[in-house]
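Descriptive structure summary
Take a look at the letters that make up each chain.
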Amino acid sequence: MGDRIAEIWGSRTPYPAGGDWPARVDEFVEDGVGADGIDWVQSACVLCSNGCGIDIGVHDGRIVGVRGRSEDRVNHGRLGPKGLFGWQANNSPDRLTTPLVRRDGELEPASWDEALDLVVDRSRQVLDEQGPLGMGFYTSGQLFLEDYYTLALMVRGGIGTPHLDGNTRLCTATSDFALKETFGTDGAPGSLTDFDNCDTLFAVGHNMPETHTVLWSRMLDRLQGPDRPKLVVVDPRRTRIAQEADVHLALRNGTNLALLNAIQHELIANGWVDKEFVDAHTVGLEKLASTVAAYPPERVAEICGVEADDIRAAARIIGSSERLVSTCLQGVYQSHQATASACQVNNINLLRGMIGKPGASVFQLNGQPTAQNTRETGANGDLTGMRNWQNPSHVEELAKLWNLEPAQIPSWGPPTHIMQILRYAEEGSVRFLWITGTNPAVSLPELHRIRSILGQDRLFVVVSDPFLTETAEFADVVLPAAIWGEKTGTFTNHDRTVHLSEKAVEPPGQARPDMDIFIDYANRLGLKDKDGRPLIKWRTPEECFAAFGEATRGRPCDYSGLSYQKLRGGSGIQWPCTEDSPEGTERLYSDHVFNTQPDYCEDYGHDLLTGAAHERKDFTDQQADGRAILKAADFSPPHEPPDDDYPLLFTTGRTAYHFHTRTKTRRAPQLQAAAPEAWVELGTTDAERLGVAEGDFVRVESRRGYLEAKARVTDVREGVVFAPFHYGYWDKAPRNGDAPTAANELTSTEWDPVSKQPLFKVAAVRVTKAGRPVEERS
Ligand SMILES: Nc1nc2c(c(=O)[nH]1)N[C@H]1C(S)=C(S)[C@@H](COP(=O)(O)OP(=O)(O)OC[C@H]3O[C@@H](n4cnc5c(=O)[nH]c(N)nc54)[C@H](O)[C@@H]3O)O[C@H]1N2
Ligand SMILES: Nc1nc2c(c(=O)[nH]1)N[C@H]1C(S)=C(S)[C@@H](COP(=O)(O)OP(=O)(O)OC[C@H]3O[C@@H](n4cnc5c(=O)[nH]c(N)nc54)[C@H](O)[C@@H]3O)O[C@H]1N2
Ligand code: SF4
Ligand SMILES: [Mo]
């Protein structure tokens, strides 16, 4: 297999356009275990949204390794470094094995009865004193579909509060909203096989080589095979994908919208628009054309800090493509004017008529392995089954499914987003917050504020996690969660491929699956349907999955033709999967009819600049009725531009070796050794001006906080500073004395007006050389 830390993507298996990506099985098994003694259990990887098919190797009741599944449509056997090594966290001695309850200020072991009774007592007290609006729930993109669906029913149907959101708000809320704005509902239009067929790849704010390593292996095999696709990349850093590009637009962070408008300006001005397609299958061209007319390359070159000729060259590549795949991720979603920009990427594919056919699609990507399910089940800002909270008949359908009165399901306004839930907690109206599978004390913006909110006495905090995280330190009750490999369930990747992940081993100690914990809590709290029967009718994940199949029947994400039995067949299967399409559906919109019928759509859309939600009438006035909606928006500058005090632009992101706040990857020795400590990337000219050399400790400071880490002098564009967000405040990783290393010390409490996704990719900072680490001073 080679050294898969040094060779992140492994060896090349080039293939031509339209060819089958050759299989290659990647495997890692711990030393000392012979191949004979291993039982292989079917699963998929949970360390990013690519969702690679994986077998879990079990020996003596322990996980001892993994291997890729060659028959899986997603990865054809390949795994990246996180997939190969990340599972070792399951076996970590740091795993929580009993509930913990805070007594006299200290978290101490407790029984499940004691812990859950305490959670239930406190819930009752808050419900009595403040009603459902006193209760908040914050979940993940890393549990299983069955966990989320149970949670969504429990919170929306049972407790009746709209204050339920996922960390998907930080992750792919914009993907969700951009798809709804353009196509009427959530749901990735394309298939991963489009990467096999495309002649052009347009990657906007997506560091695919590090964040979707197996997808990048696929792309590299195309790039190094015959029929090399053209590549256009938009990223302020010269990432590995940027190095391969025909055109790399290293724009200033926070200026995506201007650039995307300029590309559309060029497509229209040069007649590179598929008029027939646009006339037949879209609405909004006139407004779009008049908006982008104000963005000629010369003007935009000034705004973005790139060459006008490069914009023209990029537009020419896109404009002459015949099979265009566009991908969009956090460089768009967490940057300024997120939804507005993501919609322009949709527009570009629509203007070119590049959707619904092999090699032609737009990917509003996901990041977390199960983020798609948070959205589909309604455990975040959506209603179950991609239903529209503004459409009373959708709410009635749900009420019928759940045997409740429609009025019991909060739908007088949109589900509350996490930044708002925290604001309520800060003001004191939310007094109970249950956090499952996310670590907001590291991953949310402006951490000193998050710590002060979570640390309030009047807020009762419950944390379900396999580890004692930075967030768990603030909890009143900590519940030990069983995780991937220790429970059965399903999840859906970013091309709608649904995988079953079987339980391979017992969870450590008394750890339990989230679904079981929710059901136990719901029953102790006495949540009932309108006939007085227990609200949650299922006991096993399989029963829950079948119920979800019913809840999605007739909706875009139709799971009604899927079963656990069917998912045991070898490869994952793409939804919709129904009686009529029993093998699943490779591409949405192959008939070019989009989900914009007013009775079917998931959302009536928004004003992209202000975020004002449209009413049904605004939506019907557009007369989209099955046509896609080209949405236009003008660029406006970010709210915190660099100035004399904070002259540099700050942005954040990831390395291939770590996953988020590293609760798993820092417990995998190979991954931790590959990236043991935080760093800061500075461009050569900026480093020179500041007198900073490679390896010097620097202090990066914004109006909200600072971090200190070693400098890496790279070819990030001038004026931009980059830091990974993986390294938490309480982290024991090497660092400059007591100085914090968390990127979110610096980020601001600001979000996109439409998707409400926080802006992790734009802030103003200053950089100075820091003192030597404490241990070297004396
Ligand atoms: N190794 C690894 N893989 C992961 C994860 C992980 O933690 N580690 N997490 C998973 C998850 S949940 C997610 S959401 C995805 C995220 O995947 P990506 O979005 O690919 O990851 P990021 O590094 O957050 O950001 C991508 C790029 O955006 C660029 N960028 C910053 N500001 C701007 C801007 O204003 N405009 C543009 N165009 N680009 C900008 C950054 O330089 C960065 O290279 O990765 C998934 N995969
Ligand atoms: N500055 C900056 N901040 C960012 C980002 C950025 O690019 N820059 N990216 C944002 C994005 S895209 C994301 S997705 C978030 C990620 O941020 P977080 O969600 O905070 O990241 P994780 O470290 O993955 O935390 C997930 C937690 O779930 C636990 N867990 C895993 N499996 C299970 C399970 O089955 N049950 C339970 N109960 N717990 C489980 C893990 O141990 C871990 O503690 O960060 C966001 N924050
Ligand atoms: S690409 Fe994503 S899903 Fe595949 S092995 Fe790597 S982390 Fe896992
Ligand atoms: Mo994410």
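Here is what the cut-offs are and how they apply
Starting afresh in each chain, residues are numbered from 1 along the sequence in its written order. Here the convention is simple: chains get letters from A, ligands get numbers from 1, in the order in which they are written. Where totals are concerned, whole chains, interfaces and linings use all residues; where local detail is concerned, this predicted model gives features only for residues with pLDDT of at least 70, and gives and counts side-chain atom pairs only at 80 or more. Only heavy atoms go into the side-chain values, all of them from the structure, while hydrogens and water stay out. Nearness of a residue to a molecule or strand requires only that one of the residue's heavy atoms be within 4 Å of it. Under the DSSP-based scheme used, a helix requires at least four consecutive residues in state H or I and a strand at least two consecutive residues in state E, with every element numbered from the N terminus. For this classification, the nonpolar set comprises Ala, Val, Leu, Ile, Met, Phe, Trp, Tyr, Cys and Pro, the charged set comprises Asp, Glu, Lys and Arg, and every other residue, Gly included, is treated as polar. Relative accessibility under 20% of the residue-type maximum defines a buried residue, over 50% an exposed one, and the middle range a partly exposed one, all with a 1.4 Å probe and only protein chains included. Pairing between strands requires that DSSP locate at least two bridges from one strand to the other. UniProt positions are given in the numbering used here, feature names are shortened, and annotations may be inferred rather than shown by experiment. Angles here are taken between N-to-C directions and fall from 0 to 180 degrees, while the axes themselves are lines fitted to C-alpha atoms, restricted in helices to the stretch in contact. To sort the angles, those under 35 degrees are grouped as roughly parallel, those over 145 as roughly antiparallel, those from 65 to 115 as roughly perpendicular, and the leftovers as oblique. Whether a crossing is left-handed or right-handed is set by the direction in which the near helix is turned from the far one by less than a right angle, anticlockwise for left-handed and clockwise for right-handed. Contacts between residues were defined by any pair of non-hydrogen atoms, one from each residue, lying within 4.5 Å. Within 3.5 Å is the distance limit for a polar contact, defined as a pair of N or O atoms, with the added protein rule that one can donate a hydrogen and the other accept it, and that residues adjacent in sequence qualify only through two side-chain atoms. All accessibility values rest on the Shrake-Rupley procedure with a 1.4 Å probe; residue burial counts only the protein chains present in the view. As defined here, a cavity is a set of points on a 1 Å grid over the protein atoms alone where a 1.4 Å probe fits but cannot get out. A pocket is an open set with protein on both sides within 12 Å along at least five of seven lines, and residues line them when an atom is within 4 Å of a point. Any molecule with more than half of its atoms within 2 Å of a cavity's or pocket's grid points is counted as sitting in it. Grid points are joined across faces, edges and corners, and a volume is the space filled by probe spheres set on the points. Those domain boundaries reflect an automatic or database domain assignment.

1. Details of the site of ligand 3
If you check the shell around ligand 3, you find C45, L47, C48, G51, C52, L79, G80, K82, G83, T213 and V214 and nothing else. Listed by contribution, the elements that provide at least two residues to the shell around ligand 3 are α1 (81-85) and α8 (213-223). Classifying every residue of the shell around ligand 3 by side-chain character gives 6 nonpolar, 4 polar and 1 charged.

2. Regarding the pairing of strand β18 (residues 489-492)
A two-sided burial pattern is seen for β18, the buried positions comprising G489 and F491 on one face and T490 and T492 on the other. Taken together, the 4 bridges between β18 and strand β19 (residues 497-501) define a ladder with antiparallel strand orientation. Across the sheet, F491 pairs through a bridge with H499, a residue of β19. Taken together, β18 and the strand that follows it, β19, pair antiparallel across an intervening segment of 4 residues, in which R496 is found at a positive phi of about 70 degrees.

3. Considering the UniProt feature "domain: 4Fe-4S Mo/W bis-MGD-type" (unreviewed entry) in the protein chain
In the numbering used here, UniProt assigns the feature "domain: 4Fe-4S Mo/W bis-MGD-type" (unreviewed entry) to residues 38-94. What you have in residues 38-94 is 9% helix and 35% strand, and the ends, taken at the C-alpha atoms, are 25 Å apart.

4. What about the sheet that holds strand β27 (residues 763-769)?
The mixed closed barrel is built from 6 strands, whose spatial order is β22-β26-β23-β25-β24-β27. On average, adjacent strands in this sheet sit at an angle of 45 degrees to one another, irrespective of strand direction. Pairing of strand β24 (residues 697-701) with β27 involves 4 bridges; the strand directions are antiparallel. When the bridges of β27 are listed, R699 appears paired with T768.

5. Some thoughts on the packing of helix α10 (residues 256-269) against helix α13 (residues 297-304)
In the contact formed by α10 and α13, the axes pass within 9 Å of each other and the chain directions differ by 165 degrees. With respect to each other, α10 and α13 are oriented roughly antiparallel. Classified by chirality, the crossing of α13 by α10 is left-handed. Seen from α10, the contacting residues are A258, L259, A262, H265 and E266; seen from α13, they are P297, V300, I303 and C304. Split by residue class, the contact of α10 with α13 holds 7 nonpolar, 1 polar and 1 charged.

6. Section: the site of ligand 2
The immediate surroundings of ligand 2 are formed by 33 residues, with Q142, N167, S443, D465 and T661 found nearest. Contact distances for ligand 2 include 3.2 Å between an oxygen atom and a backbone N or O atom of G437. One nitrogen or oxygen atom from the side chain of T663 is found 3.0 Å from an oxygen atom belonging to ligand 2. Protein burial of ligand 2: of its 920 Å² of free accessible surface, 99% is covered by the chains. Counting atoms within 2 Å of the grid points, the majority share of ligand 2 lands in the largest cavity. Counting only elements with at least two residues in the shell around ligand 2, the list comes to α4 (168-171) and β16 (460-465).

7. Focus on empty space enclosed by the protein
Taken as a whole, this structure holds 8 cavities of 30 Å³ or more when the rule is applied. Within this model, the largest cavity holds a volume of roughly 540 Å³. In terms of lining residues, the largest cavity is bounded by 38 residues, among which Q142, N167, Q368, G437 and H660 are the most central. Only α4 and β16 provide two or more residues apiece to the lining of the largest cavity. Considered class by class, the residues forming the lining of the largest cavity number 14 nonpolar, 17 polar and 7 charged. Viewed by domain, the lining of the largest cavity spans two of them, domain 1 (102-167 + 370-574) and domain 3 (648-769), each represented by three or more residues. Taken as a whole, the second largest cavity holds about 460 Å³ of empty space. Considering the residues around the second largest cavity, the lining is formed by 35 residues, among which G205, T211, Q330, R654 and K761 are closest to the centre. If you tally residues by element for the lining of the second largest cavity, the top one is strand β22 (residues 648-653), at 3 residues. Both domain 2 (189-364 + 595-629) and domain 3 (648-769) contribute no fewer than three residues apiece to the lining of the second largest cavity.

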